[in-house]
Amino acid sequence: MPGYEFFGDEEKKEIDDVMNTGILMRYGFDAQRKGNWKAKELEQKITETFGCKYAQLTSSGTSALTTAIAALGIGHGDEVIMPAFTFVASFEAVISVGAIPVLVDIDESLTLNPDAVKAAITSKTKCIMPVHMCGSMADIDTLKNICEEHNLILLEDACQSIGATYKGKHVGTIGDAGTFSFDFVKTITCGEGGAVLTNSESVYIKSDGYTDHGHDHKGADRGADLHPFVGYNYRISELHAAIGLAQIGKLNNFLSIQRKNHALLKSILTTIPEVTFRKIHDEDGDSCTFLTWFLPDADITADVVAEMRIQNILAGNFYWFDNNWHYIRKWDHLKNNGFLNNQSEQLQQQLKKYSIDPFHLSDAIMGRCISTAISLTWTQDQIMEKGEKIIRVIKKVLEDKYASV
Ligand SMILES: *Cc1c(COP(=O)(O)O)cnc(C)c1O
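Just so it is clear, the model here is predicted, and its values are computed rather than measured. (Residues numbered from 1 in each chain as written. Predicted model: local features only at pLDDT ≥ 70, side-chain atom pairs only at ≥ 80, totals over all residues. Heavy atoms only, no water.)

Here the focus is the nonpolar core. Ranked by size, the top nonpolar core spans 120 residues in total, and within it I46 and W293 carry the most contacts. The two domains that each donate at least three residues to this core are domain 1 (3-250) and domain 2 (252-403). Excluding its chain neighbours within four sequence positions, the residues that come into contact with W293 are L269, V275, T276, F277, R368, C369, I370, T372, I390 and I394. (Core = buried A, V, L, I, M, F, W, Y, C linked by side-chain atoms within 4.5 Å. Buried < 20%, exposed > 50% of the residue type's maximum accessible area, 1.4 Å probe, protein only. Domains from an automatic or database assignment. Contact = heavy atoms within 4.5 Å.)

Dropping the structure here:
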């Protein structure tokens, strides 16, 4: 899954280019940098690789989301509909601009359930934010139609699905804006970093300024720049961008390895009739960073997870239902108003609902779901061994269950 598994001379060479001049900042120092513009070059590569008009690099995926949300004009009191299964960064970004995260159920694609989205629309709704979780895509056409019908913004959190496509287009490039994360464990990494992708010149110009204190980047030097609006510092450094440049050159290789390893592991798990697989809205577009599979019910799944832990084969397998970072069940800090500073009454009221109304639909799905992270370094033999060990555990649990009935 993560690009860090394949670091090599390419990353070192890009970093050397930067260190040879010592200019670690992405803006200015034109003479001293001797033609090295790693962040600019990576932005150009991102637009070419993923097929969008503009890309703005940021310091993280979280700041990419925050930037996109601000650039799309979403702010104080606006409601953003998003899934209850995602990484915490998705709601953090929404809250950071004063907007309200409205969390709704997912379906067997582990992404936004369109019916739940429709039911959550109010007069305050401004944006629908699907999250393309675990390498695969949300039901984008259906969500796009809902956006058009209700005049809403579509913002794709594609942080976890770099390289996935939907009907031939890269996820992250289809909505009004999309975001990538290049943090250490993502498909390609900068160490830390992120990007806003968009086809809108206006969203791009706003993202460019917002990530650099509102600089318009039109002056003869930084001091001569004007600031047409308020921004912050969400800049990426040249060192991080340099690593990203080496990594983006390896993306196609990463994806083809992931797809091959994914297919082999899936073919092994398929031999158990009780195992079913995640719904993928466009199978050809799966980036295959994870293989996500279901067992018949939550009890069996919990037992399989427990047995995998006992047999020491749980590493790399994620039972999100019990996971602190990715599913609302364990987000007590959010549900209990766990903020360091004052938050609006509107936000507090919204968050209170989450402890009162459980997410039964999502629980029924997440409770029987396990995602196996696909490594780039696995050999064929290792995959066979892993698959067979998992199968043995599942069979043992199923036999124990049925024997005790
Ligand atoms: C990783 C991730 C982010 C945030 O990215 P960082 O670069 O770690 O800030 C946001 N959303 C999702 C779904 C992610 O997986």
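Let us look at the sheet that holds strand 1 (residues 54-58). Taken together, seven strands build an open sheet; the order of strands is 1-9-8-5-4-2-3 and the sheet is mixed. Sheet topology places strand 1 and strand 3 (100-104) at the edges, where each strand pairs with a single neighbour. Averaged over all pairs of adjacent strands, the angle between their axes in this sheet comes to 25 degrees, without regard to strand direction. Note: strand 2 (residues 79-83) against strand 3, five bridges, orientation parallel. Within strand 3, the position partnered with M82 by the bridge is L103. Contacts from helix 3 (residues 61-71) reach strand 1, strand 5 (153-157), strand 8 (177-181) and strand 9 (194-198) within the one sheet, and its direction differs from that of strand 8 by about 165 degrees. This element, helix 12 (residues 345-356), spans strand 2 and strand 3 of the sheet and lies at about 15 degrees to strand 3. (Pairing = 2+ DSSP bridges. Helix = DSSP H or I, 4+ residues; strand = E, 2+ residues; numbered from the N terminus. Axes fitted to C-alpha atoms, helices over the stretch in contact; angles between N-to-C directions.)

Take the packing of helix 2 (residues 38-50) against helix 8 (residues 238-248) next. Contact geometry of helix 2 with helix 8 gives a least axis separation of 8 Å together with a crossing angle of 35 degrees. For the pair helix 2 and helix 8, the sense of crossing is left-handed. Every residue of helix 8 that contacts helix 2 at K38, A39, E41, L42, K45, I46, T49 and F50 is listed here: E238, A241, A242, G244, L245 and I248. When the residues that make up the contact of helix 2 with helix 8 are grouped by side-chain class, the tally is eight nonpolar, two polar and four charged. (Left-handed = near helix turned anticlockwise from the far one by under 90°. Nonpolar A, V, L, I, M, F, W, Y, C, P; charged D, E, K, R; others polar.)

So, on to helix 9 (residues 251-269). An α-helical turn contains 3.6 residues, so any two residues separated by three or four positions project in the same direction. Between its terminal C-alpha atoms helix 9 stretches 27 Å, which fits the 27 Å expected from 19 residues at 1.5 Å a residue. Residues of helix 9 that are buried: L251, F254, L255, I257, Q258, N261, H262, L265, I268 and L269. Relative to the axis of helix 9, the buried residues are bounded by an arc of 165 degrees and lie together on one face. Seen from the open side of helix 9, the exposed residues pointing more than 90 degrees away from its buried face are N252 and K260. (Expected span 1.5 Å × (residues − 1). Arc of directions from axis to C-beta.)

Before going further, it helps to examine the site of the ligand. Neighbouring the ligand are 15 residues; G61, T62, S181, D183 and K186 lie closest to it. Within the backbone of G61, a nitrogen or oxygen atom sits 2.7 Å from an oxygen atom of the ligand. A distance of 2.8 Å separates a nitrogen atom of the ligand from a polar side-chain atom of D157. Burial of the ligand by the protein chains amounts to 94% of its free accessible area of 380 Å². At the level of secondary structure, the elements contributing two or more residues to the shell around the ligand comprise helix 3 and helix 4 (89-96). Here the residues of the shell around the ligand are counted per class, giving four nonpolar, eight polar and three charged. (Near = heavy atom within 4 Å. Polar contact = N/O pair within 3.5 Å; in protein donor to acceptor, adjacent residues only side chain to side chain. Areas by Shrake-Rupley, 256 points an atom, 1.4 Å probe, with all protein chains shown as cover.)

Turning next to the environment of E283. Along the chain, E283 turns up in the loop between strand 10 (276-277) and strand 11 (290-294). Between the alpha carbons of E283 and N145 there is a distance of 21 Å; along the sequence they are 138 residues apart.

Bringing the domain arrangement of the protein into the picture now. When cut into domains, the protein gives domain 1 (3-250) and domain 2 (252-403). The C-alpha-based centres of domain 1 and domain 2 are spaced at 25 Å. Contacts between the two partners involve 46 residues from domain 1, matched on the other side by 47 residues from domain 2. Buried area between domain 1 and domain 2, summed over both chains or domains, comes out near 3,900 Å², and the portion from carbon and sulfur atoms is 63%. Three residues, F6, L103 and E108, lead the burial of domain 1 against domain 2; their summed loss comes to 15% of the area buried on that side. Across the domain 1-domain 2 interface, the total number found is one salt bridge. A salt bridge links R368 to E108, with the shortest nitrogen-to-oxygen separation between them at 2.5 Å. Taken together, domain 1 and domain 2 are joined by 24 residue pairs in polar contact (both at pLDDT 80 or more). (Buried area = accessible area lost by both parts, 1.4 Å probe. Salt bridge = Lys/Arg side-chain N within 4 Å of Asp/Glu carboxyl O.)

Right, let's get into the side chain of S207. Structurally, the position occupied by S207 is in helix 7 (residues 201-210). With relative accessibility at 1%, the residue S207 sits in the buried group. A polar contact of 2.8 Å, which involves the side chain of S207, links it to the backbone oxygen of V203. Excluding residues that lie within four positions of it along the chain, S207 makes contacts with Q56, T67, A71 and V196.

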